[in-house]
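Next come the chains, spelled out residue by residue.
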Amino acid sequence: MSTYRELLQRTKNEISEVDATEAKGLDDALWIDVREQDEWQEGHLPGAIHIPRGYLESRIEAAAPDRAQQIVLYCAAANRSAFAAKSLVELGYENVHSLAGGFTDWKRNGLEIVMPRTLSPEKRTRYSRHLLIPEIGEEGQLKLLDAKILLIGAGGLGSPASLYLAAAGIGTLGIVDADIVDETNLQRQIAHSLDTLGTPKVDSAKRSIEALNPDVNVITYRERLTSENIDRILDDGWDIIVDGADNFPTRYLVNDASVWRGIPVVHGSIYRFEGQVTVFKPHEGPCYRCLYPSPPPPELAPSCSEGGVLGVLPGIVGTLQTNEALKLAAEIGDPLVGRLLLFDALTTDFTEVKIRRNPDCPVCGEHPTVTEYIDYVEFCTR
Ligand SMILES: [Zn+2]
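## Some words on the packing of helix 10 (residues 158–167) against helix 11 (residues 201–212)
The N-to-C vectors of helix 10 and helix 11 enclose an angle of 25°; their axes lie 9 Å apart at closest approach. In terms of orientation, helix 10 and helix 11 fall into the roughly parallel class. Here helix 10 runs over helix 11; the crossing is right-handed. Facing helix 10, whose interface residues are Ser162, Leu163, Ala166 and Ala167, helix 11 presents Ser208, Ile209 and Leu212. When the residues that make up the contact of helix 10 with helix 11 are grouped by side-chain class, the tally is five nonpolar, two polar and no charged.

## Overview of the coordination of the zinc ion
On the protein side, the zinc ion has Cys287 (SG), Cys290 (SG), Cys361 (SG) and Cys364 (SG) as donor atoms, found 2.2 to 2.3 Å from it. Around the zinc ion, the four donor atoms sit at angles spanning 95 to 121°, and that spread fits a shape best called tetrahedral. For the zinc ion, the donor residues sit on a single chain with the sequence spacing C-x2-C-x70-C-x2-C. Placement of the pair is Cys287 in the loop between strand 11 (274–280) and helix 14 (288–291) and Cys361 in the segment after strand 13 (349–354), with a sequence separation of 74 residues. Both residues of the pair, Cys287 and Cys361, count as buried.

## Some words on the layout of surface pockets
Of the volumes computed, that of the second largest pocket is approximately 1,100 Å³. Top element by residues in the lining of the second largest pocket is helix 9 (residues 137–146). It accounts for six residues. Taken together, the residues that form the lining of the second largest pocket break down as 17 nonpolar, nine polar and nine charged.

Rules of the game
- Residues numbered from 1 in each chain as written.
- Predicted model: local features only at pLDDT ≥ 70, side-chain atom pairs only at ≥ 80, totals over all residues.
- Heavy atoms only, no water.
- Axes fitted to C-alpha atoms, helices over the stretch in contact; angles between N-to-C directions.
- Helix = DSSP H or I, 4+ residues; strand = E, 2+ residues; numbered from the N terminus.
- Parallel < 35°, antiparallel > 145°, perpendicular 65-115°, else oblique.
- Left-handed = near helix turned anticlockwise from the far one by under 90°.
- Contact = heavy atoms within 4.5 Å.
- Nonpolar A, V, L, I, M, F, W, Y, C, P; charged D, E, K, R; others polar.
- Donors = N, O, S within 2.8 Å, 3.2 Å for Na, K, Ca; no water.
- Tetrahedral: all angles 85-135°; square planar, octahedral: opposite > 155°, others 65-115°.
- Buried < 20%, exposed > 50% of the residue type's maximum accessible area, 1.4 Å probe, protein only.
- 1 Å grid on protein atoms, 1.4 Å probe; cavity = no way out; pocket = protein on both sides within 12 Å on 5 of 7 lines; lining within 4 Å.
- Points joined across faces, edges and corners; volume = space filled by probe spheres on them.

Structure, rendered in structure tokens:
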């Protein structure tokens, strides 16, 4: 049997302890703060990530998949970090160091520290189910609150997307839609209700969002997207576009603008029982024109008269779009870039098709031929 002091001394003898100068000299080291939440909130080292000691073993593989990664652990006084280092060595990490003197000495020596932004107690409660997921946590929630997402359309796809993005705490939501709420919308467009019949969809959606989450700043554009207004709307600085447009002139406008401005577009479309979702991330994956360089000839054009759709289908596709948008905003997971997800509601089948960039794409290709907006006239077959 040994005392705490003896155990600590023995542990320190077994691990690598480095001082601040040596630690700073390590190439691409991952700095991990293993203190508790309240200690972290009172200041931490620049560039460090926070994994409390109690979660270190369970979370380290997500934070450092490479066992050869240089890792510097620190706590307040280099005791907890010594035990933490020993655990990581036992997990097979080859280059683990404990920072001698810990945060206390670092601060005493006048080295730079960072005061983290934190969530208010109200926000900690509202978003607690996000905070409990290590991949999101407080840092991820702050990214969501900082994010600005533009929804094209407040209809079938835009309704579920706007509500779930708002519930998740996306700080700024823009909504572009020129239409008025009518009775035929209520079979699927859940952001609207009997109370808002006859009012603009953007106002109706804004009301629903504000009733759900007052943290969200809603910016409405009661207009149809055209070459005339698209730059004005995008100048408001959107990080991500969720495209719920039901017509190809809008899709081409959104696509061309997003490629030129480098804004990822989460694309969704629905027809009767079939849905499609993908992410067009400029220059990393294909864009809409890589797949469809120009609109279809009139004889192949889709019908402009409203098609029928199973009421829940836009809910499924719109929430899949929301999932992609939230991952992009929180910078986690693998978005559907270069992958087209097809959904069949009748058979409940999901199919994924690889889609590739077209080097001859008229917008994102090597020799672009489309360099200014084109207002395609929507033509109909019936
Ligand atoms: Zn392209």
